[in-house]
Each structure stands twice: as structure tokens, then as C-alpha cells.
Amino acid sequence: MLRNNRVVKKLAISSILVSVMVLGIIGTVSATEFPKGDTIPAGETIEDDVFITGDSVTIDGNVDGILFAVGSTVTLNGAVTGDAFLAGEIVIVGQSAVVDGNLFIAGADLTVEGEVTGSLFGGSSAFELTETASVGRNFYAGAFSVV
């Protein structure tokens, strides 16, 4: 009888450990959005990571995830809950823009007027951080001209 209890306990512990290992291996699944066109209109919220490209990319809506935007001109006026990666000849982060994370921007002419709660990383020929801009953590810039 005592031996059967030990066997049952060992089987129970083994089952629990196997269950924990199997459930620990399985992670969450998330998709990524590739919006059609080069605009996320005001009032629209995408609850996922977003990759958007085009000649003139404009993000007036909200992204609950990581934003990757590439174009000749990239304008961010909406909110991003996560990091934002913006690249283009001209990149503008407008006064109404909020990046609740880190902002990584690259281009020839960069202008940041909005709010970044994390760090700001930028590389350009000309970089302007206006008086309305707010950076919550660190500011790193590699540029010929920083204003």
C-alpha cells in the first residue's frame, strides 16, 4: 500500500512537470498588420505590430504595438503603444504624436515635435528637436546639424 502511494505521487509529480514544460514552451502567437495604402487614418486603432511603406506615409491613427514605417516622407501624428522605427528622406513626428516606448528614426531631415516616453535614437543630416518635444529618457543623435 505504501509503495502504491509513492508510485502515484511520482506519477502525479511527473505529470505536473511535463504539463509545465509543455505549457512553458508554447508562447503567445501574434500576427503583424500590413495595412493597404500608406495611411492609417485618424480614429483607426490597430492592435498589433504594423509594417507600413509608401511614398508619403502618414500615421494619424493609433498603433497598439510596434510601428515600422518607411517612405520618402513619413509623418507620425497618432499614438504608438510600443517602439516606433521610422525611416525616410523626411521624417516628422508631429506635436500630437505620442510614442509610449522608444523612437528610432533615420533620414536626411528629421523633426520631432511630439512626446517620446522612452529614449530617442536618430541619425540624419539635419535633426531638429523642437521646444514642444518631450523625451522621457535618453536622446542619442548622430547628425551634421542638431537643433
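Structure: see above.
This one's a predicted model, so the numbers in the text were calculated from it and none came from an experiment.

Draft legend 1. Quick look at the nonpolar core. The biggest cluster of nonpolar side chains holds 26 residues, and the ones touching the most others in it are Leu67, Leu76, Leu86, Leu103 and Ile105. With near-sequence residues (within four places) excluded, Leu103 lies in contact with Ala84, Leu86, Val93, Val112, Val116, Ser119, Leu120 and Phe121.

Draft legend 2. Quick peek at the sheet that holds strand E7 (residues 79-80). Read from one edge of the open sheet, six strands run E3-E5-E7-E9-E11-E13, paired in parallel fashion. A single partner strand is all that each edge strand has here, and the edge strands are strand E3 (45-46) and strand E13 (134-135). The pairing of strand E5 (residues 62-63) with E7 spans two bridges and is parallel. From the neighbouring strand, Asn62 faces E7, where its bridge partner is Ala79.

Draft legend 3. Region of the structure containing the pairing of strand E6 (residues 67-76). Two strands pair when backbone bridges link them, and strand E4 (residues 49-59) and E6 are joined in this way by nine bridges, in the parallel orientation. Bridging from a neighbouring strand, Ser56 pairs with Thr73 of E6. Sheet topology places E6 next to strand E8 (residues 84-93); nine bridges connect them, and they run parallel. Pairing of Val74 across the sheet is with Val91, part of E8.

Draft legend 4. Expanded view of the side chain of Thr130. With respect to the helices and strands, Thr130 occurs in the loop between strand E12 (120-129) and E13. The buried category is assigned to Thr130, whose relative accessible area is 17%. Reaching out from Thr130, the side chain makes a polar contact with the side chain of Thr132 at a distance of 3.0 Å. Beyond its immediate stretch of four places on either side in the chain, Thr130 contacts Thr111, Val112 and Glu113.

Draft legend 5. Quick look at the pairing of E4. Summarising the sheet, strand E2 (residues 39-40) and E4 pair through two bridges and their orientation is parallel. For Ile40, the partnering residue across the bridge sits in E4 and is Ile59.

Reading the values: the criteria
- All residue numbers here refer to positions counted from 1 along the written sequence of the relevant chain.
- Under the rules for a predicted model, residues below a pLDDT of 70 receive no local features and side-chain atom pairs below 80 are neither given nor counted, while totals for whole chains, interfaces and linings still include all residues.
- Values reported for side chains reflect all heavy atoms of the structure, with hydrogen atoms and water molecules removed beforehand.
- What makes a nonpolar core is a set of buried Ala, Val, Leu, Ile, Met, Phe, Trp, Tyr and Cys residues whose side-chain atoms join them at distances within 4.5 Å.
- Buried, partly exposed and exposed residues are distinguished by accessible area as a fraction of the type maximum, computed with a 1.4 Å probe on protein chains only: under 20%, between the cut-offs, and over 50%, respectively.
- Contacts are assigned to residue pairs with any non-hydrogen atoms lying within 4.5 Å of each other.
- Any two strands between which DSSP finds at least two bridges are classified as paired.
- Secondary structure elements are defined from DSSP: runs of H or I of at least 4 residues count as helices, runs of E of at least 2 residues count as strands, and each element is numbered from the N terminus.
- Contacts described as polar in this section are N or O atom pairs within 3.5 Å, which, within protein, must combine one atom able to donate a hydrogen with one able to accept it, while residues neighboring in sequence count only if both atoms come from side chains.

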